[in-house]
Amino acid sequence: MTEQEPKENFNTEEEFDSNQEVFEHFRFEVDPGQSLLRIDKYLVDRMQNASRNKIQDAANAGCIHVNDIPVKRNYKVKPNDVITIVLSYPPREIEIIAQDIPLNIVYEDDSFLIVNKNPGMVVHPSYGHYSGTLVNALAYHLKDLPLFNSEDPRPGLVHRIDKDTSGILVIAKTEEAKTKLGLQFFNKTSDRKYRALVWGNLENDEGTITGHVGRNLKNRKVMDVFPDGEYGKHAVTHYRVLERLGYVNLVECILETGRTHQIRAHFKHIGHPLFNDADYGGDQILKGTTFTKYKQFVQNCFKICPRQALHAKTLGFDHPATGEYISFDSEIPEDMSTVIQKWRDYTSFREE
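Positions within a chain are numbered from 1, following the residues in the order the chain's sequence is written. Residue-level local features of this predicted model are given only where pLDDT is at least 70; pairs of side-chain atoms are given and counted only at 80 or more, and the full residue set underlies all totals for whole chains, interfaces and linings. Water and hydrogen atoms were dropped before computing side-chain values, which therefore reflect all heavy atoms in the structure.

Draft legend 1. A look at empty space enclosed by the protein. Cavities and pockets are found on a 1 Å grid laid over the protein atoms alone: a cavity is a set of points where a 1.4 Å probe fits but cannot escape, a pocket is an open set with protein on both sides within 12 Å along at least five of seven lines, and a lining residue has an atom within 4 Å of such a point. Grid points are joined across faces, edges and corners, and a volume is the space filled by probe spheres set on the points. Applying the stated criterion to the full structure yields three cavities of 30 Å³ or more. Approximately 180 Å³ is the volume attributed to the largest cavity. As for the largest cavity, its lining consists of 16 residues, of which Asp 162, Tyr 194, Arg 259, His 261 and Gln 262 are closest to the centre. The element that contributes the greatest number of residues to the lining of the largest cavity is helix H5 (residues 262-269), accounting for three residues. Here the term charged refers only to Asp, Glu, Lys and Arg, the term nonpolar to Ala, Val, Leu, Ile, Met, Phe, Trp, Tyr, Cys and Pro, and the term polar to all other amino acids, Gly among them. Along the lines of polarity and charge, the residues of the lining of the largest cavity split into five nonpolar, six polar and five charged. Secondary structure elements are taken from DSSP: a helix is a run of H or I of four residues or more, a strand is a run of E of two residues or more, and numbering for both begins at the N terminus.

Printed below as a string of structure tokens:
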């Protein structure tokens, strides 16, 4: 019997990948002399931080495969079976403080809820952000659910968005829902669409940006694109220009993968940083005229939307309980929509 280490092993809160932050993979090759034994019993004896209930939940969610075929929790392990299992990461040692923070809940049922996150809110606690996060608010709102307790700093989270990115997130309310939803993000079967305001006039109305995304080798606060794949992880962003507004474009982004800062890093890589994205150079006047009035116009836009102009607008996935495909949409928040309208007015004025 052999066991492989998890495929991904993140050491700090900064190094979470948005579509892989909740899962680790294990693989076992069963000994030739193994007697018949229920797979949940077999695995609980061989895996650290995995209770029998957690393994059974994984089986119920279709996350345990034997010889590439999903099995139930009562499957009898046989000699030479190859077992693969996907489990959520164990809790980190950061206590959750439940806080009565208002949430914009778009939808809620027994399995999950949809939250439209405001810009400026951190999603989960980390070192330096122990309170005021989305998870602190969820811990209060869902305090009677077993999944939401002080021992897990990421209860219910199956994906995330950056602090200064606004938009829709799905939060699981049960372990089974967390596993089923998280697996859809992991396997890239969920649908996510973003709105972004980017500097410059994109050459084509539609396009695809492909390039590995990984930590910048000199500044680990930001991500970089490695087009030759020598570092980082495979990342693909599809985009469509919705409006050409002079020196900026409003684009729709569809994620094929979900790497940390993927949209922000990809658009910087092709020379079109997100508007007012301080980490990726978008907080400078990158296109336009040298006229003082134009500079004042842009600076005023920066003040109105003091963050990267990025919004997670649409999210679609299969319901974890019914299997039915469902989709949720959200309005672009006021700061970003006001700036977009200002660029419309500016462009209209220039064309008169």
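Having seen the structure, we can now continue with the description.
Draft legend 2. The arrangement of H5 in detail. For H5, the buried fraction is high: six of the eight residues fall into the buried class. Residues of H5 that are buried: Gln 262, Ile 263, Arg 264, Ala 265, His 266 and Phe 267. At the C-terminal side of H5, Gly 271 shows a positive phi close to 85°. Only protein chains enter the area calculation, which uses a 1.4 Å probe; residues under 20% of their type maximum are buried, those over 50% are exposed, and those in between are partly exposed.

Draft legend 3. Broad picture of the environment of Ala 50. If you trace the backbone, Ala 50 turns up in the loop between helix H1 (39-44) and helix H2 (52-60). In this structure, the C-alpha to C-alpha distance between Ala 50 and Leu 87, residues 37 residues apart in sequence, is 8.4 Å.

Draft legend 4. How the structure looks around the side chain of Thr 347. Mapped onto the elements, Thr 347 comes out in helix H7 (residues 334-351). A relative accessible area of 7% places Thr 347 in the buried class. Whenever a nitrogen or oxygen atom comes within 3.5 Å of another N or O atom, the pair is scored as a polar contact, on the condition that within protein one atom can donate a hydrogen and the other can accept it, and that pairs from neighbouring residues in sequence are kept only if both atoms are in side chains. A polar contact of 3.3 Å, which involves the side chain of Thr 347, links it to the backbone oxygen of Leu 245. The contact criterion used is simple: two residues touch if any of their non-hydrogen atoms lie within 4.5 Å. The contact partners of Thr 347, leaving out residues within four places of it in the chain, are Leu 245 and Gly 246.

Draft legend 5. Broad picture of the pattern of salt bridges. For this analysis, a salt bridge means a side-chain nitrogen from Lys or Arg found within 4 Å of a carboxyl oxygen belonging to Asp or Glu. Within this structure, the stated rule accounts for 15 salt bridges. Taking the shortest distance from any N to any O, the salt bridge between Asp 40 and Arg 52 comes out at 3.2 Å. Of this pair, Asp 40 sits in helix H1 while Arg 52 sits in helix H2, and the two are twelve residues apart along the sequence. Close ionic contact of Arg 344 with Glu 243 constitutes a salt bridge, the shortest N to O distance being 2.5 Å. Of the two residues, Arg 344 sits in helix H7 while Glu 243 sits in strand E14 (residues 236-245), which places them 101 residues apart along the sequence. Within the structure, one salt-bridge network assembled from shared partners comprises Asp 162, Lys 221, Arg 264, Asp 277 and Asp 279.

Draft legend 6. Molecular detail of the pairing of strand E15 (residues 248-255). Summarising burial for E15: seven of the eight residues are buried, a large majority. The rule for pairing is simple: two strands pair if DSSP sees at least two bridges between them. Sheet analysis places strand E10 (residues 191-199) next to E15, joined by seven bridges and oriented antiparallel. Considered in E15, the bridge of Val 198 is made with Asn 249. Where E14 and E15 come together, eight bridges link them in antiparallel fashion. Residue pairing for E15: His 238 is matched across the bridge by Ile 254.

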